[in-house]
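Descriptive analysis of the structure
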Amino acid sequence: MLKEHEQIQIFGAIICAIALALYIRSDFFDKSYEENQERRVIFLFWGMLSHIWSCALTTLVGLWRYPTFRVFQPFCGGNVFVLFQGFGWALFGISVTLTLLAIVNTATIGGGTALGILNAFTHIILTLSIQLFDESSEKKPAITLNTIPTIISDWKKLVYLFVIVAVILFESDELCLWLDVGMFGHSIFVILGTFSFGLAATTTHILGYRFISGYQLFQPFEGGDTFIVLQGFGWTFLAILFDLCVAVIMSPHFLEVTGMCTLLCFIGCSSLFMLLTSLQYFTPSSSYSSTLLQSSLLQASS
């Protein structure tokens, strides 16, 4: 006899398979006919809802399997669990956003099968993360939250300013698309918005180097597990933003995609959120701590 959480897990897998079938079926319509476009939207919409349902059921599996499991438990449950959950829900957000883009631009965007595979992979990652939940570490975060210097909090306003400017530029670019402004007007907003996000990300790194003890400009795989994960996701999202912006500028096909600039704006804001949050989880390396201790002892002896 299957346990309750195993029954929910199987049901979630079935829903995920249904979502994959709906996404694949959406690719078999000829997009040149308006009637087929409406049918394709229906299949994509129900596929997206099934995907959301299947991913939500993974959380329900955790609630039924572990008494200490919570719906909201930031950085709790063990480092591996946190890593898989972060990666899974990041993919979830990307897949749902891409599906919405495909629905809005059903006449120009295909790729229902690719979206279905991405959704299935997301479900697998989230399901695996539940198996990796560590009950012994549920009451405490994977790493304690550090208090950052007040001066960083003041300088973070500059980062917020860059982000606000980037958002305005990207949404202005979306407006240019609706108003059918020429190619130059469309591209210049994308270029300036991307540059503004890049400045914001660079500023966060400089703030860490300037005001956080032990922070280095180049410190591969140092700073603590949570810091490394957040930095990795943050800079990866920023790289994706740059790649997509180049594609938007160079390919006229992307100019026809309604909502693309809003997607780019969302990716950029997510990147900056993770980079700023990572500063609070930075932990100096053991070599730096020992060097600092030696310097303190030398000063005390002199």
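Parameters at a glance
Residues numbered from 1 in each chain as written. Predicted model: local features only at pLDDT ≥ 70, side-chain atom pairs only at ≥ 80, totals over all residues. Heavy atoms only, no water. Helix = DSSP H or I, 4+ residues; strand = E, 2+ residues; numbered from the N terminus. Buried < 20%, exposed > 50% of the residue type's maximum accessible area, 1.4 Å probe, protein only. Areas by Shrake-Rupley, 256 points an atom, 1.4 Å probe, with all protein chains shown as cover. Axes fitted to C-alpha atoms, helices over the stretch in contact; angles between N-to-C directions. Parallel < 35°, antiparallel > 145°, perpendicular 65-115°, else oblique. Contact = heavy atoms within 4.5 Å. Nonpolar A, V, L, I, M, F, W, Y, C, P; charged D, E, K, R; others polar. Phe/Tyr/Trp six-rings, centres within 6.5 Å; stacked < 30°, edge-to-face > 60°. Lys NZ or Arg CZ within 6 Å of the ring centre and 35° of its normal. Salt bridge = Lys/Arg side-chain N within 4 Å of Asp/Glu carboxyl O. pLDDT = per-residue confidence, 0-100. Patch = residues over 30% accessible without salt bridge, like charges linked within 9 Å, V, L, I, M, F, W, Y side chains within 5 Å. Left-handed = near helix turned anticlockwise from the far one by under 90°. Expected span 1.5 Å × (residues − 1). 1 Å grid on protein atoms, 1.4 Å probe; cavity = no way out; pocket = protein on both sides within 12 Å on 5 of 7 lines; lining within 4 Å. Points joined across faces, edges and corners; volume = space filled by probe spheres on them.

1. Side note on the overall build of the protein chain
In terms of helices and strands, the protein chain carries ten helices and zero strands. Ordered by position in the sequence, the α and β elements of the protein chain form the string α-α-α-α-α-α-α-α-α-α. Of all 302 residues assigned to the protein chain, the portion counted as buried reaches 43%. Accessible surface, the protein chain as shown: approximately 16,200 Å² in total, 70% of it carbon and sulfur.

2. Topic: the packing of helix α3 (residues 79-104) against helix α9 (residues 260-278)
Between α3 and α9, whose axes approach to 10 Å, the crossing angle comes to 170°. What the angle tells us is that α3 and α9 run roughly antiparallel. Where α3 approaches α9, its residues Thr97, Leu98 and Leu101 are matched on the opposing element by Met260, Leu263 and Phe266. A breakdown of the residues in the contact of α3 with α9 according to their chemical character gives five nonpolar, one polar and no charged.

3. Focus on the packing of aromatic side chains
Per the counting criterion, the structure on display carries 13 aromatic pairs. Plain terms: the ring middles of Phe81 and Phe133 are 5.1 Å apart, the flat faces sit at 80° to each other, and that makes the pair edge-to-face. Placement of Phe81 in helix α3 and of Phe133 in the loop between α4 (112-131) and α5 (150-179) is noted, with a sequence separation of 52 residues between them. Neither Phe81 nor Phe133 differs from the other in exposure class; each is buried. Each member of the aromatic cluster is reached from another via a ring pair, and the members are Tyr66, Phe69, Phe81 and Phe133. Directly above the ring of Phe43 sits Arg25, whose terminal nitrogen or CZ lies 5.7 Å from the centroid.

4. Things to note about the pattern of salt bridges
Considering all chains together, one arrives at one salt bridge under this definition. Here Asp27 makes a salt bridge to Arg40, at a shortest N to O gap of 3.9 Å. With Asp27 in the loop between α1 (4-26) and α2 (34-65) and Arg40 in helix α2, this pair connects stretches of sequence that are 13 residues apart.

5. Here we look at the side chain of His123
Its location among the elements puts His123 in helix α4. Residue class for His123 comes out buried when judged on its relative accessible area of 7%. Ignoring sequence-local partners within four residues, the contact set of His123 consists of Gly12, Ala13, Cys16, Ser54, Cys55 and Thr58.

6. Observations concerning the confidence of the model for the protein chain
In this model, the protein chain carries an average pLDDT of 80, and 81% of its residues clear a pLDDT of 70 or more. Across the protein chain, α1 holds the top mean pLDDT of 92, while helix α10 (residues 286-301) sits lowest at 52. In the model, residues 141-145 has pLDDT below 50 throughout and makes twelve contacts with residues more than four positions away in sequence or in other chains.

7. Quick look at a nonpolar patch on the surface
On the surface, a cluster of nonpolar side chains totalling about 460 Å² of accessible area is made up of Ile42, Phe45, Trp46, Leu49 and Ile52. Following the sequence through the fold, Ile42 ends up in helix α2.

8. Thoughts on the packing of α3 against helix α7 (residues 225-250)
It is at 10 Å that the axes of α3 and α7 come closest, and there the two elements cross at 20°. Relative to α7, α3 is oriented roughly parallel. When the axes of α3 and α7 are compared, the crossing they make is right-handed. Contacts between α3 and α7 pair Asn79, Leu83, Gly86, Phe87, Ala90 and Ile94 from the former with Asp225, Val229, Phe233 and Phe237 from the latter.

9. Quick notes on α4
With 20 residues, α4 ought to run about 28 Å at 1.5 Å a step, and its terminal C-alpha atoms sit 29 Å apart, in line with that. Turning to α4, its buried residues are Gly112, Leu115, Gly116, Asn119, Ala120, Thr122, His123, Ile125, Leu126, Thr127, Ser129 and Ile130.

10. Let's talk about empty space enclosed by the protein
Tallied over the entire structure, the rule returns two cavities of 30 Å³ or more. The calculated volume of the largest cavity comes to roughly 50 Å³. Forming the boundary of the largest cavity are Ile8, Gln9, Gly12, Ala13, Ser54, Leu57, Thr58, Val61, His123, Thr127 and Ile130. Among the secondary structure elements, those contributing two or more residues to the lining of the largest cavity are α1, α2 and α4.

11. Some words on the layout of surface pockets
Taken as a whole, the largest pocket encloses approximately 960 Å³ of empty space. As for the largest pocket, its lining consists of 33 residues, of which Phe75, Val82, Gln85, Gly86 and Trp89 are closest to the centre. Secondary-structure elements contributing two or more residues to the lining of the largest pocket are α3, α7 and α9. With eleven residues, the single largest contributor to the lining of the largest pocket is α3. The residue inventory of the lining of the largest pocket, partitioned by class, reads 22 nonpolar, nine polar and two charged.

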